[in-house]
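Overview (structure and organization)
Each chain, letter by letter, is given below.
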Amino acid sequence: MTETIEFQAEARQLLQLMIHSIYSDKDVFLRELISNASDALDKLRMESYRDKDLGVDTSDLHVELRTDSAARTITIADNGIGMSRDDVVTLIGTIAKSGTAETLAKLREAQASGSEEVTAELIGQFGIGFYSSFMVADRVEMTTRRAGTDGGVHWESAGEGTYELSEVADAPQGTSITVHLKAEDAEDNLHDYADPAVVKRIVKRYSDFITWPILLNPTADGAVVEGAEEEDSEQEASNEPINSRKALWARPRSEVSDEEYAEFYRHVSHDWQEPLETMRFTGEGTFEYQALLFLPAHAPMDLYYRDAKRGVQLYVKRVFVMEDCEALVPEYLRFVKGVVDAQDLSLNVSREILQQDRQIQLIRKRLVKRVLQTITALRGEDAEKYDTFWRECGRALKEGLLSDQDNTQAILEASSFASTHDPEKLTTLADYVARMPEGQESIYYVTGESRAAVENSPHIEAFRAKGYEVLLLTDQVDEVWVGMVPSYGAGDDAKPFASIAQGDVDLADDAEKPEGFDDLLSWMTTTLADDVSEVRLSTRLTTSPACLVGEVGGLPPQLEQMMRSMGQEIPVQKRALELNPKHPLVENLKAAHEARPEDAGVAETASLLHDMALLAEGGELKEPSAFVGKLAQRLAATL
Ligand code: ADP
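Counting restarts for each chain: residues are numbered from 1 in the order of the written sequence. Only residues with pLDDT of at least 70 get local features here, since the model is predicted, and only at 80 or more are side-chain atom pairs given and counted; chain-wide, interface and lining totals rely on the full set of residues. Side-chain numbers here rest on the full set of heavy atoms in the structure, without hydrogens or water.

Going by the annotation in an unreviewed UniProt entry, the name recorded for the protein is Chaperone protein HtpG, with Actinomycetospora termitidis given as the source organism. UniProt positions are given in the numbering used here, feature names are shortened, and annotations may be inferred rather than shown by experiment. Under the UniProt heading Subunit (unreviewed entry), the note attached to the protein is "Homodimer." The record held by UniProt for the protein lists under Sequence similarities (unreviewed entry) the comment "Belongs to the heat shock protein 90 family."

A run of H or I in DSSP becomes a helix once it reaches four residues, and a run of E becomes a strand once it reaches two; helices and strands are each numbered from the N terminus. You can see Thr427 is positioned in strand E15 (residues 422–427). We classify Thr427 as buried; its relative accessible area is 6%. Considering only alpha carbons, one finds Thr427 and Leu471, 44 residues apart in sequence, at a separation of 8.7 Å. A contact between two residues is defined here by any heavy atoms of the two lying within 4.5 Å. In contact with Thr427, other than residues within four places in its own chain, are Ser415, Ser416, Phe417, Ser419, Tyr432, Arg435, Glu469 and Leu471. The definition of a polar contact used here is a pair of N or O atoms within 3.5 Å, where within protein one atom must be able to donate a hydrogen and the other to accept one, and adjacent residues in sequence count solely through side-chain atom pairs. At a separation of 2.8 Å, a polar atom in the side chain of Thr427 contacts the side chain of Arg435. To sort residues, take the accessible area from a 1.4 Å probe on protein chains only and compare it with the maximum for the residue type: under 20% means buried, over 50% means exposed, and anything in between is partly exposed.

Turning to the site of the ligand, a few remarks are in order. Working definition: residue near molecule or strand if any one of its non-hydrogen atoms lies within 4 Å of it. Looking at the ligand, the residues that line it are Asn36, Ala40, Lys43, Asp78, Met83, Leu91, Ile92, Gly127, Gly129, Phe130, Thr175 and His270. The separation between a nitrogen atom of the ligand and a polar side-chain atom of Asp78 is 3.0 Å. For the ligand, whose unbound accessible area comes to 530 Å², protein coverage reaches 81%. Elements supplying a minimum of two residues to the shell around the ligand: helix H2 (28–50) and helix H3 (85–92). Only Asp, Glu, Lys and Arg are considered charged, only Ala, Val, Leu, Ile, Met, Phe, Trp, Tyr, Cys and Pro nonpolar, and every remaining residue, Gly among them, polar. Here the residues of the shell around the ligand are counted per class, giving five nonpolar, five polar and two charged. Every accessible area reported is derived by Shrake-Rupley at a probe size of 1.4 Å, with residue values counting cover from the shown protein chains alone.

Below, the discussion takes up the domain arrangement of the protein. The split of the chain into domains comes from an automatic or database domain assignment. Taken as a whole, the protein is organised into domain 1 (2–226), domain 2 (249–377) and domain 3 (517–548 + 574–638). Between domain 1 and domain 2, the C-alpha centre-to-centre distance is 26 Å. Here's the idea: put two parts together, see how much 1.4 Å probe accessible area each one loses, and the total over both is what we call buried area. If you sort the residues of domain 1 by the area they bury against domain 2, Ser98, Gln125 and Phe209 come out on top, with a joint share of 22%. By definition here, a salt bridge exists when the distance from a side-chain nitrogen of Lys or Arg to a carboxyl oxygen of Asp or Glu is within 4 Å. Taken together, the links from domain 1 to domain 2 amount to two salt bridges.

A few words now on the pattern of salt bridges. Scanning the model with the defined rule gives 31 salt bridges in all. A salt bridge links Asp341 to Arg318; its shortest N-O distance comes to 2.8 Å. In this pair, Asp341 sits in strand E13 (residues 337–342) while Arg318 sits in the loop between strand E11 (312–316) and strand E12 (319–325), placing the two residues 23 residues apart along the sequence. Using a relative accessible area of 0% as the deciding quantity, one classes Asp341 as buried. Across the pair Arg536 and Glu578 runs a salt bridge, and its minimum N-O distance is 2.8 Å. Within this pair, whereas Arg536 is found in strand E20 (residues 532–537), its partner Glu578 is found in strand E22 (residues 575–579), the two being separated by 42 residues in sequence. Classification of Arg536 as buried rests on a relative accessible area of 14%. Through salt bridges that share partners, Arg31, Glu32, Glu263 and Arg266 make up one connected network.

Considering the arrangement of structural elements, one finds Ser487 in strand E18 (residues 487–488). Beyond its immediate chain neighbours, meaning those up to four positions away, Ser487 contacts Gln409, Leu412, Ala494, Lys495, Pro496 and Phe497.

Secondary-structure assignment places Glu156 in strand E5 (residues 152–157). Beyond its immediate chain neighbours, meaning those up to four positions away, Glu156 contacts Arg139, Val140, Glu141, Tyr163 and Glu164. Looking at Glu156, its side chain comes within polar contact range of the side chain of His154, at 3.2 Å.

Next up on the list: the packing of aromatic side chains. Under the pairing criterion, centres of Phe, Tyr and Trp rings, with the six-membered ring standing for Trp, must be within 6.5 Å; the plane angle then separates stacked pairs below 30 degrees from edge-to-face pairs above 60, leaving the rest tilted. Taken as a whole and assessed by the stated rule, the structure comprises 20 aromatic pairs. Plain terms: the ring middles of Trp481 and Phe497 are 5.3 Å apart, the flat faces sit at 80° to each other, and that makes the pair edge-to-face. Of the two residues, Trp481 is situated in helix H17 (residues 476–481) and Phe497 in strand E19 (residues 495–499); the sequence distance between them amounts to 16 residues. Given a relative accessible area of 11%, Phe497 falls into the buried group. Lying across the ring of Trp272, Arg31 places its NZ or CZ 5.4 Å from the centre. Here Arg395 stacks its cationic end above the ring of Tyr304, 3.9 Å away from the centre of that ring. Both a distance and an angle decide whether a charge sits over a ring: NZ of Lys or CZ of Arg must be within 6 Å of the ring centre and within 35 degrees of the ring normal.

Quick look at the sheet that holds strand E3 (residues 73–78) now. Two modes of strand pairing occur in sheets, parallel and antiparallel, and in both the strands are linked by backbone hydrogen bonds. One open sheet holds the eight strands; their spatial order is E1-E6-E5-E4-E7-E3-E2-E8, and the pairing between them is mixed. Of all the strands in the sheet, the pair left with one neighbour each is strand E1 (2–6) and strand E8 (214–216). Between one strand axis and the next, the sheet turns through 20° on average, direction left out of account. The rule for pairing is simple: two strands pair if DSSP sees at least two bridges between them. All axes are obtained by fitting lines to C-alpha atoms, using only the stretch in contact for helices, and the reported angles, taken between N-to-C directions, cover 0 to 180 degrees.

On to the packing of H2 against helix H8 (residues 258–269), then. Across the interface, H2 lies against H8 with an axial gap of 10 Å and an inter-helix angle of 60°. Accordingly, the angle class assigned to the pair H2 and H8 is oblique. Crossing handedness for the pair H2 and H8: right-handed. Contact with H2, carried on its side by Arg31, Ser35, Ser38 and Asp39, involves Glu263, Arg266 and His267 of H8 and no other residues of that element. Grouping the constituent residues of the contact of H2 with H8 by class yields no nonpolar, three polar and four charged. Each angle is binned into one of four classes, with values under 35 degrees roughly parallel, values over 145 roughly antiparallel, values of 65 to 115 roughly perpendicular, and all other values oblique. In this scheme, a crossing is called left-handed if the near helix is turned counterclockwise away from the far one by less than a right angle; it is called right-handed if the turn is clockwise.

Attention shifts here to the packing of helix H20 (residues 584–595) against helix H21 (residues 600–616). Close contact between H20 and H21 brings their axes to 10 Å; oriented N to C, the two are set at 155°. With respect to each other, H20 and H21 are oriented roughly antiparallel. The two elements H20 and H21 cross, and the hand of that crossing is left-handed. Note on element contacts: H21 touches H20 through Val602, Thr605, Ala606, Leu609 and Met612, opposite Leu585, Val586, Leu589, Ala592 and His593. Here the residues of the contact of H20 with H21 are counted per class, giving eight nonpolar, two polar and no charged.

Let us look at helix H1 (residues 9–19). Those residues of H1 lying buried are Ala11, Leu14, Leu15, Leu17, Met18 and Ile19. Turning to H1, the residues buried within the fold contact helix H4 (100–112) and helix H5 (116–126).

The next subject is the sheet that holds E13. Ordered in space as E9-E10-E13-E11-E12, the five strands form an open sheet in which the pairing is mixed. Strands with a single pairing partner mark the edges of an open sheet, and in this sheet they are strand E9 (277–283) and E12. Direction aside, the axes of adjacent strands within the sheet are offset by 15° on average.

What follows is the structure, encoded as structure tokens:
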């Protein structure tokens, strides 16, 4: 019986984009299908380790490519893990990746505007695997049977909204995908995927490092067809693998080209673009291991989603053991992709055991250090690359300031910050400290929602006037780490972080201390007792009349608001109201209070002053309508 099933909406859209793709490098479909086949073989081997009753012969695992120039097809077959009917429906019929909807929307826009570059880049971010076959096919067939089960399934689609599913009684175990090639590609000798010579070239270029044998048109008896190379490429067939199968990380560095690293990166990351940076290191002695890691050139699609994938691939002595090995990589480095090959682990090690394993912990420590060093070094070696990295993944890296106490200073060193020093460029903390003038003891910062909002905050005025640089921290994670990381630097050179919106700062010279405000301040402290902890004079203001200042170490107001909106009960935190003694409004208020201490109007002005300070920092008034009423009255009186 044949069922016709609709693709999920996102999958349908993505397929349409693939079919009408202007992605120029269509060869990559083969890389994607071989990559999937290789993963399927890895999975089968792992499963057969864990499940001794699986009853599958794993002695001859391989990928087979069969071309048929008369029928104009290429078939990619593996005898790997295979898929059940339900697997096919969920894995092939739907896309369930975080960030899909957003990326799809961007893709449609790029396609509509005809921007090939952007389209290619976005498709690359998706890492579309199986669907890429529709770039070259007008129809795709797949037969698959899950290892350890009996019945197989046949899947078929022209990529136009629906696919057909039927049962197959005698399907071989594993997956076989037959791509019916579009007629137009046949005209082009270079891209005729039914031509074995073309296929061989592509495999050499993209999939050489795949550790499983890739056979091209193997013969039943395993004989090498004589003279195939020179004479008729259509007959090219032998049972020798066409890939060299060498693990890149086991080859001498000097022998591996950037191209090869890039292809390997694409295989492990499902990204279609080149990596930003490649890292290789080894551990020797008791715990021998090799690591080949990559930094991406753009944030993985799911980087800022809760269910983001993390971890590198774990191999044991060249044998794939585990995908996304979390034990090797802390969450804040979840953008790092690659492989760790350890020598002394058991092949059927579980994720739980890995978390406790001493060798794994040591490798992880080393990996973290190495990644942080690489990022820091990148800034000096290739500022443009560093900027790309920071724009794409910097926010994730800063999460490490909350969770990785051992590496706090290294993370700070690798990070960059917006500051009042330069409106265009970010600064390092080392550069900030080097610029600190005589007398400045702390690294000043302000947190808030956007650069524009914090740059104009009243708190910043006197710091600017005094030539003190202020870091402008506008990522959500900034609010949190500044509360946890006390200082930058080590020993006597450590410089504390200080919020310009918290605590009592003294930026005035002694000669400037204004006098005669005591009465006003104590009266206002009483009058505004419901809203503020204290009213005092400020040295941080130059043009604004007043601002609100929190306690050192207190919760910043934005964070307080965020936590409330998430339903947490937080006691009201009163802050101090600081007045600018040089502002005419404050001067006149002082005079008015001295002349008419009982006047209700003066008290109203005092409360307006508080509300204005709240508005200036982007805060919300408790009673906006009362504020407007009072203000309107005052304005009317001036006209
Ligand atoms: P990706 O490979 O990026 O996950 P694909 O669309 O290529 O995305 O494949 C989706 C899923 O379908 C894979 O994750 C895998 O579980 C399954 N799959 C694809 N090809 C095969 C195959 N040859 N054998 C077994 N499972 C496969």
